[in-house]
Structure formats: C-alpha cells, structure tokens
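Residues per chain are reported as follows:
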Amino acid sequence: MIPPPETGFKIESKVMLEVLQELYDYAYHGRGCIIYGPSGSGKEFAALYYWQIYRYERKGLTVPFLKLDCYGLDVDRARSELFGHAKGAFPGTVSEKEGLLTKARGGILFLDEVAALPEEIQAQLVSALDPGIQAVRSLTSDPADSGGAVTILAATERKPDKLIVPFRMHLGKEVLIPDVSQRQNDVPNAVRYFTKQSINKLRNRERFLCQIYGCTEASEIETPANYDPVSYLAEKITTRLSVDMERQVWPGNLRQICNALDSAIVRAKRLTGFEAFLEDIMYYYRNYLNQQNSLFDPLPTGRQAWPSADPTILEQIRDIFPRIAEAEQTEWASALSRMKGKRNFMRTDIEQFVHAGRRTIQQRLKILENQGLIRREGKKKEKYVLVSKIETATIPVFALPHKTTHYWTYAHKEKTGSIFEILANTRCLFISGERNELKGSFVESICHQLTSEYTVFYHHFDDGGMGEFIDKVTYLLEKEQIVDTGEVSDLKDRTEILEMLNPLVNRWAEKQENPLFFLDNTDSLRSTEDLALLKVIIDTWTGFTFILEGTKMAVDLSRDDNAGPLEFPF
C-alpha cells in the first residue's frame, strides 16, 4: 500500500490512485519522468508527492526540491538559471550565479512547463545529465562537478511532443494526470481542503469565526469532537456544495474549484449563524458559476480539454492498437468518445486530442477504418463517421411534435434515427427514463450533435425551479437591450413577468441561428405553478425548439385532456 500524500487532500478516485502508484514506483527507484495533463489538474501536487516518496526512501539524506518555471525563458536566461553564469557573461550580469543543477545535486529539479524550454537548452541538458559525457557543467562550480546526480521531473500541459527527441528519451517515462471529470470521488475532499485554505487566509480570521458561531471570543466556540472551528465550518460548506460541484463541468479543473470556493467565502457576508452564512455562500458560488458560464450551464458534452473515454471504445482501441503506449490509447479513445454523437468529423478534430504527428494520425485512422470502427463519407472521402457498438435501444424517448393546441407523444423503443430528422417535425422533444450511465451517454450524444446545427441554451433545473430559469432569460434579454430592467423589477408575479416576456423572447429568437433550449432534470419541478409555467413557455415561445429531460413532465402532458395525446412507436 502506497503512503498517502503529505500535502493536499486524500485521494480516493481509482484513476488517481493508479497515478500515485506509478509515481511511487519511479520515485522509489529514483527515475525521473514527465508529468502531463490539463491546466489545474494537479501536476505540481504530483511532483511534490514524488519528492515525498523520494525523501521517504532515502531517510537521513537531505533531498532538495527546486522548481524552475520555464515559461517565457529565452536562451540566455534559461542557461543562467540552470547552469549559472560568470560575472559579465551577458548584459546585466553583475555577479556570479550558481545554477540550479548545482544547487539541486542529490535531489530533484522540477521543470514546470518544460515544453517552453528553448531547444538549445534542452540539448545542453541532455549532455549535462549524461554522466558519460559531462560536457556541460555549472560555470561557477568545480570542474569535477556535474549535474549527473540530479533527478529531473518535468511537467507540461499537453503531451510532451514539442521536446527534442534526445531530451524526451532521457526523461523517458510519461505520467498522465487525468482531469476532474474522471476523478469525481476526489471532489468532496478537494472542496474540504480548499475551503480550509481559504478560511485560514482570511483577514481577522478569529473575528470572522466568532461571528459565524455567534460568540464574542474564539475560546467560547463549541464544536463536535475531533473538529476545530475551521474544520467544522469547512465540513458544513463541503456538505452543502460538494454534490453540486461533482456534476459541474470544470474546464480549469482543481484550480477553478479552488477559485470558486475562495470567491464565495471572501464575498459572503459575515452573517451570524451557520444557516444564514451557508445560504450566502451558495448565493456567491452560483454568482461565480453564472459569470463563468455566461448564465446558462455548460452542455454536458464532455467539452473538457481531456474528455473521459467511453469504456467500450477504449477496449476496442486496445484491441486494435495493442503495442502503442497506454497514454496514447487513452487519447484515441477519448477523442473518438467525443466524436460519438457527431454526424461526421474531420482529421483535424482528432488532432486536438491525439498528440501525435499528422502522418501517424492518418495511418492510424486508416487502420481504424479497416477494422470497421470508423468509415469515410463525403464527396472526397475526407469525413469520418464513428461506427459505435453502443446501443441506446433501452432508453425511452418521448417526442412531442408541436401543434397549435395539441401534443402528440411518441414513445421510442427502437434505435433512434438522426436527431435532426426528429426535430425537423418536432418542436419539443422529451428524453424520458431512469437516470443512469446509459441515459447520460445518450444525452451527451444528443448534445454533441446539436451544437453543430443549433444555438443551444442549456439549463439544469435544481432548487431554483422555474424562477431561476426565467431570471436567466430576463437577464439575457436585458443584455440584448430587448427588455428594460425597470419594466421587470416592477413586476413581482412570475406569471405577469412571463406574459410580458413572451413576445420579446420570440424577437430574441430571431437573432439566433436555430435557437434551442435544452432543459435538463425537469423532474425536479414539483410545484403546480412551475409545471404550469413550463407548459406556457413551450406553447408560447414558438421561436425556440425545446428538448427536455425527465419523465414526470411527459406523463403530465399525456394526462392532459386538452393535449389530446396519441402514443405511437417509431
């Protein structure tokens, strides 16, 4: 069993535990590696864990850990930082400087954003780190000294294909840090850890805690056993936020989660009592999300820079390419999983996620075509289509073609046709059935296809109900200067607001290309008022197409005597 990290938070996700095991193996034997992954995923945390194991296995020895951020370094500056310089070596040098390769002897030198390091310096590093050559030494050290005793760790946001081959081969091992979408089990622990950090950095922290706990002195604060005031407050905030955070898309990964929490805690008013303070935290957390996501939630389409791989596709990729590196297998599976819902895709779409040469990608696309995983389309056979073996036949779909006063309900039992063919004669489509992994995959597939033809406004219903949705639409109409802020603020009743908005929304729709509302989790709408408002919106916002996920609304419409439903399998 590998030791847990000393810094950061407890890791529980299986995929990240495998990464820590890989880092443990390299650190135990003193082998350097390249750590790569999306921005904010925790590459420096991984480097510190490597250092922790390196120190643990070499008890009694001093093991320095030095870091160099390579981003923006020119040749002279990079050479000076790594190898040192003599006085007057180049303009601006007024004294001698010892290089990091000398300072880090017997320990670890961490090169962050190593892909930005000039190629000339990469070549010199290969020589400096090769004990058989020892051609490049620190200019200010003894000639007998060399950098050979230094263990190099490197990190880069993308796969390190920009490194020169000798340097990349010298580092050898490559460790992929997955994004947060593949590590959801770690989110609660991350929330707890970042919350504690944020609270501890607050100015006048004790006065802040006294106000929350309703005390005049910090010594009067009472908390349950095994909790200090900060830990207990962090636990309460984690309980309130972690479920919502797990289902959000975080393009900035852990760094963005940290920023969201810090923003909410810093801006929250110092209200007396836990409940009032937690409500304020929720308010400013949602305010942060609204600013980041332009009010409407991000589509659940795996739009992260490093999308997770569909297990079935990953298994097929491993069978077709058994000899390529596991990291590249994952990249191919992730890229093809992203293409799963598209009608077709180009080679350039794959190049965004598979970090290999163009010729290599073309050759492997041809192999995938020969193996029957993809096929060519288009006049010049320049487009590809994924031939997916994933079935969605068990997912019931309800399509509600819009009539002036009627809905017709179609129950889907066979494999769906093109979503565009369905929507050509259907202004309102329901996706019904139990929430599970298969249904989630199907919803993602639809979202992928929609973005190529429709302007999609995605909203996930939760405790805010229809009020939050109407507020979002109102805000966007105000930004477009279609509605005046004063007109809405004078109205208190949602029905009155909706009556005023109805004609204006259709005017807004005229400015969009194929506007569509994707309303997820409509089953959370429980009040009669919310259901009535949604029915009014579907009927009157004729400029928009609607797709709604949830079973209860479809059932309610089928029981509506005025709707006159007709059930028909297609």
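Keep in mind that this is a model prediction, so the values were computed, not measured. (Residues numbered from 1 in each chain as written. Predicted model: local features only at pLDDT ≥ 70, side-chain atom pairs only at ≥ 80, totals over all residues. Heavy atoms only, no water.)

### Focus: the overall build of the protein
Our working rule: Put simply, DSSP marks the helices as runs of H or I at least four residues long and the strands as runs of E at least two long, and each gets a number from the N terminus on. Using a 1.4 Å probe on the protein chains alone, a residue whose accessible area is under 20% of its type maximum counts as buried, one over 50% counts as exposed, and one in between counts as partly exposed. Contacts are assigned to residue pairs that have any heavy atoms within 4.5 Å of one another. Shrake-Rupley sampling with a 1.4 Å probe provides the accessible areas, and residues are treated as covered by the protein chains on show and by no other component.
The secondary structure content of the protein amounts to 22 helices and 16 strands. Within the span of the protein, comprising 570 residues, buried residues form 49% of the whole. Across the protein, contacts joining residues at least 24 apart in sequence account for 73% of those joining residues at least 6 apart. In the structure as shown, the protein presents an accessible area of about 28100 Å², 47% of it carried by carbon and sulfur atoms.

### Quick notes on the pairing of strand 9 (residues 383-386)
For clarity, the threshold we go by: For two strands to be treated as a pair, DSSP must find no fewer than two bridges joining them.
Of the pairings in the sheet, the one linking strand 8 (residues 374-377) to strand 9 comprises 4 bridges and is antiparallel in character. Opposite R375, over in strand 9, you have V385 as the bridge partner. Hairpin connection of strand 8 to strand 9: 5 residues between the antiparallel strands, including G378 at a positive phi of 95 degrees.

### Here we look at the pattern of salt bridges
Put simply, the test is: Counted as salt bridges are all cases of a side-chain nitrogen of Lys or Arg within 4 Å of a carboxyl oxygen of Asp or Glu.
Summed over the entire model, instances satisfying the criterion amount to 13 salt bridges. Between E120 and R79 there is a salt bridge, with the nearest N and O atoms lying 2.5 Å from each other. Of this pair, E120 sits in helix 5 (residues 119-129) while R79 is found in helix 3 (residues 75-83), placing the two residues 41 residues apart along the sequence. Overall, the relative accessible area of 23% leaves R79 in the partly exposed class.

### Observations regarding unusual backbone geometry
Despite not being glycine, N204 shows a phi value in the positive range, around 55 degrees. By the element assignment, N204 lies in the loop between helix 7 (187-200) and helix 8 (205-213). Within the chain, N521 stands out as a residue other than glycine whose phi angle is a positive 65 degrees. If you trace the backbone, N521 turns up in the loop between strand 14 (515-520) and helix 21 (528-540). Judged by its relative accessible area of 22%, N521 is partly exposed.

### With respect to helix 15 (residues 358-370)
Selection criterion: Each helix should span, by expectation, one fewer than its residue count multiplied by 1.5 Å. The arc in question is the one traced by the directions running from the helix axis out to the C-beta atoms.
Helix length check: helix 15, at 13 residues, gives a terminal C-alpha distance of 19 Å against a target of 18 Å (1.5 Å per residue), a fit within 8%. For helix 15, the full list of buried residues reads I361, R364, L365 and L368. Viewed end-on, helix 15 has its buried residues packed into an arc of 110 degrees, placing them on one side of the element. Of the residues in helix 15, the exposed ones pointing more than 90 degrees away from the buried face are R359, K366 and N370. Immediately beyond the C-terminal end of helix 15, within one or two residues, lies G372, with a positive phi of roughly 85 degrees.

### Some points on the side chain of E549
As a reminder of what qualifies: Two N or O atoms count as a polar contact when they lie within 3.5 Å, although within protein this holds only if one can serve as hydrogen donor and the other as acceptor, and sequence-adjacent residues are included solely when both atoms are side-chain atoms.
You can see E549 is positioned in strand 15 (residues 545-549). Here the side chain of E549 touches N521 through a polar contact of 2.9 Å, landing on its backbone nitrogen.

### Description of the confidence of the model for the protein
Test applied: pLDDT gives the predictor's per-residue confidence on a scale running from 0 to 100.
When pLDDT is averaged across the protein, the result is 76; 76% of the residues are at 70 or more. Within the protein, no element has a lower average pLDDT than strand 16 (residues 568-569), which sits at 30, and none a higher one than helix 7, at 91. Counting contacts from residues 133-148, a segment whose pLDDT is below 50, to residues more than four positions away or on other chains yields 29 contacts. With pLDDT under 50 throughout, residues 561-570 is counted as low confidence; its partners more than four residues away or in other chains account for 28 contacts.

### Here's the deal with the packing of aromatic side chains
Two aromatic rings, taken as a pair, are described by how far apart their centres are and by the angle between their planes. For clarity, the threshold we go by: Working definition: a ring pair exists when centres of Phe, Tyr or Trp rings (six-membered ring for Trp) sit within 6.5 Å. Plane angles under 30 degrees give stacked, over 60 give edge-to-face, the rest tilted.
According to the stated counting rule, one finds 25 aromatic pairs in the structure shown. Aromatic pair Y227 and Y232: ring centres 5.6 Å apart, planes at 65 degrees, arrangement edge-to-face. Overall, the relative accessible area of 32% leaves Y227 in the partly exposed class. Among the aromatic residues, those joined into a cluster by ring pairs are F457, F461, F469, W508, F517, W541, F544 and F546.

### Quick word on the environment of S219
Looking at the secondary structure, you find S219 in the loop between helix 8 and helix 9 (229-247). You can call S219 exposed: its relative accessible area is 72%. Between the C-alpha atoms of S219 and E206, which are 13 residues apart in sequence, the distance is 9.8 Å.

### A closer look at the sheet that holds strand 6 (residues 151-156)
What counts here: Axis angles are defined between N-to-C directions and span 0 to 180 degrees, where every axis is a line fitted to C-alpha atoms and, for a helix, only to the segment in contact.
The strand order across the open sheet built from 5 strands is 2-5-6-1-7, with neighbouring strands paired in parallel fashion. Of all the strands in the sheet, just strand 2 (65-69) and strand 7 (173-176) have a single pairing partner and so form its edges. Adjacent strand axes in the sheet meet at a mean angle of 20 degrees when their direction is disregarded. Summarising the sheet, strand 1 (residues 33-36) and strand 7 pair through 4 bridges and their orientation is parallel.

### Here we look at helix 7
Compared with the 20 Å implied by 1.5 Å per residue over 14 residues, the 20 Å span of helix 7 between its first and last C-alpha is a close match. Within the span of helix 7, buried status applies to V187, P188, N189, A190, V191, F194, T195, S198 and I199. On its buried face, helix 7 is in contact with helix 8, helix 9 and helix 10 (253-267).

### Focus on a negative patch on the surface
Just so we agree on the cut-off: Patch building starts from residues that exceed 30% relative accessible area and form no salt bridge, then joins like charges within 9 Å and nonpolar side chains (Val, Leu, Ile, Met, Phe, Trp, Tyr) within 5 Å. For this count, His and the chain ends are skipped, Lys and Arg are scored as positive, and Asp and Glu as negative. A single reference atom marks each charge: NZ on Lys, CZ on Arg, CG on Asp, CD on Glu.
Where like charges cluster on the molecular surface, the negative patch consists of D493, E496, E499 and E529. Position of D493 relative to the elements: it lies in the loop between helix 19 (485-489) and helix 20 (494-509). D493 gets classed as partly exposed once you look at its relative accessible area, which sits at 35%.

### Observations regarding the nonpolar core
Basically, it comes down to this: Joining through side-chain atoms within 4.5 Å is the link that ties buried Ala, Val, Leu, Ile, Met, Phe, Trp, Tyr and Cys residues into a set, and such a set is a nonpolar core.
If you look at the biggest cluster of nonpolar residues, it comprises 62 residues, and the most contacted ones within it are L23, L233, M245 and W250. Beyond its immediate chain neighbours, meaning those up to four positions away, L23 contacts C33, I35, A46, Y49, Y50 and V175.

### A few points about the side chain of R168
Summarising the element assignment, R168 is placed in helix 6 (residues 165-171). We classify R168 as buried; its relative accessible area is 17%. A polar contact is formed between the side chain of R168 and the side chain of E174, at a distance of 2.7 Å. Excluding residues that lie within four positions of it along the chain, R168 makes contacts with I34, K159, P160, D161, L163 and E174.

### Points about the packing of helix 18 (residues 465-479) against helix 21
Let me state the cut-off plainly: With the far helix as reference, a near helix turned anticlockwise by less than a right angle produces a left-handed crossing, and one turned clockwise produces a right-handed crossing. Just so you know the grouping, Ala, Val, Leu, Ile, Met, Phe, Trp, Tyr, Cys and Pro go in nonpolar, Asp, Glu, Lys and Arg go in charged, and all remaining residues, Gly too, go in polar.
In the contact formed by helix 18 and helix 21, the axes pass within 8 Å of each other and the chain directions differ by 35 degrees. You can see that helix 18 and helix 21 cross each other, and the crossing is left-handed. Where helix 18 abuts helix 21, its residues G465, M466, F469 and I470 lie against D530, L533, L534 and I537. Looking at side-chain class alone, the contact of helix 18 with helix 21 contains 6 nonpolar, 1 polar and 1 charged residues.

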